[in-house]
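# Observations on the model geometry
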Amino acid sequence: MSELKKVATRAGFGEEILKLGKENPDILVIDADIGKSCKTGDFRKELSSEYHDDKNQYVNVGIAEQNAAGVAAGLATTGKVPFASTFAMFAAGRAFEQVRNSIGYPHLNVKIGATHAGITV
């Protein structure tokens, strides 16, 4: 029987989102300037136009969770599958109205990867 490898949920998220992004070019990461903490840095290095002329699956909106939700909603309307990545407190608190109004009501295919909720970091 193989041993289970225990990793932080944010590390698992970073590993899996990179694997998914390589398999599906419609998957994007919308980062709120905390890629190091949310573990989306490898995704950025491997799938962003910042490092590769032929890749454009990563958007850093800066410290602006409301904008991350809005950008993710807009991209979802074009058939993309955006993963908005930020700290849980900011995803729930700062971007609540944008998530509710721009993502939830129209039932858009946006994923919210929120880390640092205080239990599993």
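Below or above, wherever it landed, is the structure these notes cover. (Residues numbered from 1 in each chain as written. Predicted model: local features only at pLDDT ≥ 70, side-chain atom pairs only at ≥ 80, totals over all residues. Heavy atoms only, no water.)

## Side note on the overall build of the protein chain
Regarding its fold elements, the protein chain presents six helices and four strands. If you list the helices and strands of the protein chain from N to C, you get α-β-α-α-β-α-β-α-α-β. Judged by the C-alpha coordinates and their principal axes, the protein chain covers about 45 × 40 × 25 Å. Sequence-distant contacts, at least 24 apart, represent 73% of the contacts inside the protein chain between residues at least 6 apart. For the protein chain, the exposed area adds up to about 7300 Å²; of that, 53% sits on carbon and sulfur atoms. Looking at the protein chain, you have 14 positive and 14 negative side-chain charges, and the mean spots of the two groups are 4 Å apart. (Helix = DSSP H or I, 4+ residues; strand = E, 2+ residues; numbered from the N terminus. Contact = heavy atoms within 4.5 Å. Areas by Shrake-Rupley, 256 points an atom, 1.4 Å probe, with all protein chains shown as cover. Lys, Arg positive; Asp, Glu negative; His and termini not counted. Charge placed at Lys NZ, Arg CZ, Asp CG, Glu CD.)

## Quick look at empty space enclosed by the protein
Applying the stated criterion across every chain, the model contains one cavity of 30 Å³ or more. Computed from the structure, the largest cavity encloses a volume of approximately 60 Å³. What lines the largest cavity is Glu65, Ala68, Ala69, Ala84, Thr86, Ala91, Ala95, Val99 and Ile112. Those elements that place two or more of their residues in the lining of the largest cavity are helix H4 (65-76) and strand S3 (81-87). Residue contributions to the lining of the largest cavity peak at three residues, all from H4. (1 Å grid on protein atoms, 1.4 Å probe; cavity = no way out; pocket = protein on both sides within 12 Å on 5 of 7 lines; lining within 4 Å. Points joined across faces, edges and corners; volume = space filled by probe spheres on them.)

## Thoughts on the pairing of S3
Burial analysis of S3 places six of its seven residues in the buried class, which makes it a mostly covered element. In this sheet, S3 lies alongside strand S1 (residues 27-31) in parallel orientation, the contact comprising five bridges. When the bridges of S3 are listed, Val29 appears paired with Phe83. Sheet analysis places S3 next to strand S4 (residues 111-115), joined by five bridges and oriented parallel. (Buried < 20%, exposed > 50% of the residue type's maximum accessible area, 1.4 Å probe, protein only. Pairing = 2+ DSSP bridges.)

## Considering the packing of aromatic side chains
Enumeration over the complete set of coordinates arrives at two aromatic pairs. Here the aromatic rings of Phe13 and Phe83 are separated by 6.5 Å at their centres, their planes lie at 45°, and the arrangement is tilted. With Phe13 in helix H1 (residues 9-23) and Phe83 in strand S3, the pair connects residues that are 70 residues apart, well separated along the chain. As far as the burial class goes, Phe13 and Phe83 line up, both buried. Measuring from centroid to centroid gives 6.0 Å for Phe87 and Phe90, while their planes differ by 35°, and the two rings are tilted. Judged by its relative accessible area of 32%, Phe90 is partly exposed. (Phe/Tyr/Trp six-rings, centres within 6.5 Å; stacked < 30°, edge-to-face > 60°.)

## Points about the nonpolar core
Listed in full, the eleven residues of the largest apolar core are Leu28, Ile30, Ala68, Ala69, Ala72, Ala73, Ala76, Ala84, Ala95, Ile103 and Val110. Looking at this core, the elements with two or more residues in it are S1 and H4. It is H4 that contributes the most residues to this core, five residues altogether. When neighbours within four sequence positions are excluded, Val110 is seen to be in contact with Ala72, Ala73, Ala76, Pro82 and Ile103. Among the nonpolar cores identified, the runner-up in size contains ten residues, and Phe13, Leu18, Val29 and Phe83 belong to it. (Core = buried A, V, L, I, M, F, W, Y, C linked by side-chain atoms within 4.5 Å.)

## Some thoughts on the layout of surface pockets
In this structure, the largest pocket occupies an estimated 290 Å³ of space. Mapped by element, the contributors of at least two residues to the lining of the largest pocket are H1, helix H2 (35-38), helix H3 (41-47) and strand S2 (58-60). Here the residues of the lining of the largest pocket are counted per class, giving five nonpolar, five polar and eight charged. (Nonpolar A, V, L, I, M, F, W, Y, C, P; charged D, E, K, R; others polar.)

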